[in-house]
Amino acid sequence: MPRTGVYPGSFNPPTTAHVAIAAAARDQFELDQVVLATSAEVLGKHRVQRPIFAHRWQVLEAVAAEHDWLDAAVTDKRLVAEIAEGYDVVIMGADKWLQIHELQWYDDDPAVRDATLAQLPEVAVAPRPPLEVEPEVLLRLPDEVVDGVSSTAARAGQTDLMAAPARVFAEATGAWIDPSRYEQFLVTEGLISPTT
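Reading guide: rules and limits
Residues numbered from 1 in each chain as written. Predicted model: local features only at pLDDT ≥ 70, side-chain atom pairs only at ≥ 80, totals over all residues. Heavy atoms only, no water. Helix = DSSP H or I, 4+ residues; strand = E, 2+ residues; numbered from the N terminus. Expected span 1.5 Å × (residues − 1). Axes fitted to C-alpha atoms, helices over the stretch in contact; angles between N-to-C directions. Parallel < 35°, antiparallel > 145°, perpendicular 65-115°, else oblique. Contact = heavy atoms within 4.5 Å. Nonpolar A, V, L, I, M, F, W, Y, C, P; charged D, E, K, R; others polar. Pairing = 2+ DSSP bridges. Salt bridge = Lys/Arg side-chain N within 4 Å of Asp/Glu carboxyl O. Buried < 20%, exposed > 50% of the residue type's maximum accessible area, 1.4 Å probe, protein only. Phe/Tyr/Trp six-rings, centres within 6.5 Å; stacked < 30°, edge-to-face > 60°. Lys NZ or Arg CZ within 6 Å of the ring centre and 35° of its normal.

A. How the structure looks around helix α1 (residues 16–28). With 13 residues, α1 extends 18 Å between its outermost C-alpha atoms, agreeing within 8% with the 18 Å of an ideal straight helix rising 1.5 Å per residue. At the exit of α1 stands glutamate 30, carrying a positive phi of roughly 55°.

Shown next, in the form of structure tokens:
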């Protein structure tokens, strides 16, 4: 039976670290397939308006297509425990690991939280200093991945941190790096009306 892992996230944009984390989980947990699972609305994040979801999805599919062990999927589930159903491993960053322990997602009921988290399959947590990660769930990563590859930095213009399909799309359209050029791209493509 193939072993599969799921890596939920907004991937806005997908970075070289996202791919490295997925690859590390594949190796460490002996997975046959890792699925990058995304949603138009990611729990705990402000609704992303730009790039539009269709473009983010197009880029994520292209990233997955570069590796025969990687796939991408859209989910309407929002809780990590729900997304992880049916997988052998769930992959996340240390920030997400801490977030899913917060009571606000469980109607402030510790029993509901604990029962929900108990349903998770094996957990692989990518370190994110200075956050602490328990050794039993820690995903081993090269130092260069841990220290400084982030979607925030990529959006701030460090396109070298983006996965190749994201970098190509950003440079062609302005997505993530030049909001006004991306808006013009949307107008040119007929996806939005020009503002007056």
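Once you've had a look at it, read on.
B. Quick look at the packing of helix α2 (residues 53–65) against helix α8 (residues 164–173). Relative orientation of the contacting elements α2 and α8 amounts to 140°, with a least axis distance of 8 Å. It follows that α2 is oblique to α8 by the angle criterion. For the pair formed by α2 and α8, the contact residues are His55, Gln58, Val59, Ala62 and Val63 on the first element and Pro165, Ala166 and Phe169 on the second. Partitioned by chemical class, the residues of the contact of α2 with α8 number six nonpolar, two polar and no charged.

C. Summary view of the sheet that holds strand β5 (residues 122–126). The sheet built from five strands is open, its strands ordered β3-β2-β1-β4-β5 with parallel pairing. This sheet does not close on itself; its edge strands, each paired only once, are β3 (70–74) and β5. Taking the axes of each pair of neighbouring strands and ignoring which way they run, one obtains an average angle of 25° across the sheet. As judged from the five bridges shared by strand β4 (residues 89–93) and β5, these two strands associate in the parallel manner. If you follow valine 89 over to β5, its bridge partner there is glutamate 122. Here α1 sits on the sheet and contacts β1 (4–8), β2 (33–38), β3, β4 and β5; the angle it forms with β1, its principal contact strand, is near 155°. Against the sheet, α2 engages β2 and β3, with an angle of about 160° to β3.

D. Main features of the pattern of salt bridges. Taken as a whole, this structure holds six salt bridges when the rule is applied. Between glutamate 122 and arginine 3 there is a salt bridge, with its nearest N and O atoms 3.3 Å apart. Within this pair, whereas glutamate 122 is found in strand β5, its partner arginine 3 is found in the segment before β1, the two being separated by 119 residues in sequence. For arginine 3, a relative accessible area of 26% gives the class partly exposed. Here arginine 181 and aspartate 178 are joined by a salt bridge, their closest N and O atoms 3.6 Å apart. Look at aspartate 178 and you get partly exposed, because its relative accessible area is 27%.

E. Expanded view of the environment of alanine 164. By the secondary structure assignment, alanine 164 is in helix α8. Under the relative-accessibility criterion, alanine 164 is labelled partly exposed at 30%. For the pair alanine 164 and arginine 128, spaced 36 residues apart in sequence, the C-alpha to C-alpha distance is 23 Å.

F. Structural detail: the packing of aromatic side chains. Summed over the entire model, instances satisfying the criterion amount to four aromatic pairs. Ring geometry for tyrosine 7 versus phenylalanine 11: centroids 5.3 Å apart, planes at 80°, classification edge-to-face. Assigned by exposure class, tyrosine 7 and phenylalanine 11 land together as buried. Taken together through their ring pairs, the aromatic side chains of Phe169, Trp176, Tyr182 and Phe185 make up a single cluster. For arginine 26, the ring lying beneath its charged end belongs to tryptophan 69, and the centroid distance is 4.4 Å.

G. A look at unusual backbone geometry. A cis geometry characterises the amide bond from asparagine 12 onward to proline 13, with omega recorded as 0°. Between arginine 50 and the following residue, proline 51, the backbone shows a cis peptide bond with an omega angle of -10°. Among the secondary structure elements, proline 51 is positioned in the loop between β2 and α2. One non-glycine residue, phenylalanine 11, adopts positive backbone phi at about 45°. Mapped onto the fold, phenylalanine 11 is located in the loop between β1 and α1. Using a relative accessible area of 3% as the deciding quantity, one classes phenylalanine 11 as buried. Phi is positive for aspartate 108, close to 60°, though the residue is something other than glycine. Counting through the fold element by element, aspartate 108 comes out in the loop between α4 (94–99) and α5 (110–118).

As far as function goes, none of this settles anything; it's purely spatial.
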